[in-house]
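For reference, the chains in residue letters:
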Amino acid sequence: MTDIDAEIIDGNAVASEIRDDLTDAIETLADAGARPGLATVLMGDDPASETYVNMKQRDCEEVGIESYHVDVDGDAPAEELYDEIATLNEDDDVHGYIVQAPVPDHVDYREVIRRVDPAKDVDGFHPENVGRLVAGDARFRPCTPHGVQKLLEAAGVETEGADVTIVGRSDIVGKPLANLLIQKADDGNATVTVCHSRTEDLAEKTRSADVVVAAAGAPELVDGSMIGEGAVVIDVGVNRVDADNEKGYELVGDVEFESAAEKASAITPVPGGVGPMTRAMLLYNTVKAASLQEGVDVELP
Ligand code: NAD
């Protein structure tokens, strides 16, 4: 048995509270005749993407958001996807939508994102929304980084003045999170180090941090020897590794939980940490999109 004193940050519980608050906001919108709508677009038949899209649809139903779904054949020309995007941009019932990544190789994902109406870009990936975020005037915070911020807040972690090391520089997690945490704002004001595949001496950079966020897509990359005593550890990673069970695989994070938990003061589990927060923050952005488009003020959590 290992000796775990760390607080386990319960993403399911925090996400559930956020969903409850959103349900109130959705009722306010519905009372004003403005039921929020979210559409998902899936090109191809990647099984993991299908699962994600189904979960997003189910989440919508639970809180009272109308959900729509568009399937595009994986072999279809990119123009077919662009046509669907143009239709969604014009559809007043759809306040927000996401094009599930990855798209097939013959489709340029950057071009896809550029075609999404920035007002409906609830992923927050459109260049206009990225620019606004960097400028400190975010319209939609990308769901995973926003979820990480909410988890830190719920766990009582002060980011002001904290040294935060982020492992990973992707456009959907590492980069936007770094940008959010350096903002002059209550949930920012951190000093951020962003590490990536070319970083030298990763362990030195994580060990000196008050908060470590692992978002590398590398199973159990960050172990206890890389965590400073009393640090807060947020594990964004979700990796399938072979396992001797019925499914033949299990999900592990980017952090070696047992050894990291011996050093950390608080840590997120995988699953049950960041994952549920990402889903909740997509609902948040959809409610915000509806509120902005319909001109109905709501209180957001
Ligand atoms: P990505 O592959 O786009 O980016 C990974 C980043 O990590 C890159 O910037 C790379 O330079 C860096 N990296 C990889 N190996 C490294 C190493 N050994 N040392 C230092 N840096 C390294 O991945 P992503 O889309 O940002 O996702 C990261 C992980 O988070 C994945 O496991 C993904 O499944 C997971 N994820 C989870 C959620 C969630 O809701 N829980 C959401 C998004 C992504």
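None of the values given here were measured: they were computed from a predicted structure. Per chain, residue numbering runs from 1 following the sequence as it is written. For a predicted model such as this one, the threshold for reporting local features is a pLDDT of at least 70, and the threshold for listing and counting side-chain atom pairs is 80 or more; totals across whole chains, interfaces and linings nevertheless cover every residue. Here the side-chain values reflect all heavy atoms present in the structure, with hydrogen atoms and water set aside.

### Some remarks on the environment of asparagine 245
Inference 1: When you line up the elements, asparagine 245 lands in the loop between β9 (239-242) and β10 (249-252).
Inference 2: For each residue, the accessible area found with a 1.4 Å probe, counting protein chains only, is set against the maximum for its type, and the residue is called buried under 20%, exposed over 50%, and partly exposed in between. Owing to a relative accessible area of 37%, asparagine 245 belongs among the partly exposed residues under this scheme.
Inference 3: Within the structure, the side chain of asparagine 245 is placed 2.7 Å from the backbone nitrogen of glycine 248, a separation counted as a polar contact.
Inference 4: Polar contact is the term for a pair of N or O atoms within 3.5 Å; when the atoms are in protein, one must be able to donate a hydrogen and the other to accept it, and sequence-neighboring residues count only if both atoms are side-chain atoms. Looking at asparagine 245, its side chain comes within polar contact range of the main-chain oxygen of tyrosine 249, at 3.1 Å. For the purposes of this entry, the term helix denotes a DSSP run of H or I that reaches at least four residues, the term strand denotes a run of E that reaches at least two, and both are numbered from the N terminus.

### Quick notes on the pattern of salt bridges
Inference 1: Only one rule defines a salt bridge in this text: a Lys or Arg side-chain nitrogen within 4 Å of an Asp or Glu carboxyl oxygen. Enumeration according to the criterion identifies nine salt bridges in this entry.
Inference 2: Across the pair arginine 132 and aspartate 137 runs a salt bridge whose closest N-O atoms are separated by 3.6 Å.
Inference 3: For arginine 132, a relative accessible area of 27% translates into the label partly exposed.
Inference 4: For aspartate 137, a relative accessible area of 44% translates into the label partly exposed.
Inference 5: Salt bridges sharing common partners tie together Glu111, Arg114 and Arg115.

### What about the domain arrangement of the protein?
Inference 1: All domain edges in this entry derive from an automatic or database-based domain assignment. According to the domain assignment, the protein contains domain 1 (32-118) and domain 2 (142-275).
Inference 2: Taking only C-alpha atoms, the centre of domain 1 and the centre of domain 2 are 28 Å apart.

### Comments concerning unusual backbone geometry
Inference 1: In the segment running from alanine 101 into proline 102, the intervening peptide bond is cis, with an omega of 0°.
Inference 2: Of note, aspartate 201 is a non-glycine position whose phi angle comes to about 55°, a positive value.
Inference 3: Within the secondary structure layout, aspartate 201 lies in the loop between β6 (191-195) and α8 (202-207).
Inference 4: A relative accessible area of 48% places aspartate 201 in the partly exposed class.

### Remarks on the nonpolar core
Inference 1: Counting 49 residues, the largest nonpolar core has Ile65, Val148, Val164, Val213, Val232, Ile234 and Val287 as its most contacted members.
Inference 2: For this core, the secondary structure elements donating two or more residues are α1 (11-31), α2 (47-63), α6 (143-154), β5 (163-167), α7 (174-181), β7 (211-214), β8 (232-235) and α10 (274-294).
Inference 3: When residues of this core are assigned to their parent elements, the largest contribution, 10 residues, is made by α10.
Inference 4: Here this core spans two domains, and each of domain 1 (32-118) and domain 2 (142-275) adds at least three residues to it.
Inference 5: Not counting residues up to four positions away in its chain, the partners in contact with valine 148 are Leu177, Val213, Ile234, Val236 and Val274. Only buried Ala, Val, Leu, Ile, Met, Phe, Trp, Tyr and Cys residues count toward a nonpolar core, and they belong to the same one when joined by side-chain atoms within 4.5 Å. Working rule for contacts: check all heavy atoms of both residues, and any pair within 4.5 Å makes them a contact.

### Things to note about the pairing of β8
Inference 1: Side chains of β8 alternate between two faces, with Val232 and Ile234 and Val233 and Asp235 buried alike.
Inference 2: Pairing between strands is defined by DSSP: at least two bridges between the two strands are required. Two elements, β7 and β8, share four bridges in a ladder whose sense is parallel. Within β8, the residue paired with valine 211 across the bridge is valine 232.
Inference 3: Bridge count between β8 and strand β11 (residues 266-267): two bridges; the pairing is parallel. Looking at β11, one finds that valine 232 is bridged to alanine 266.

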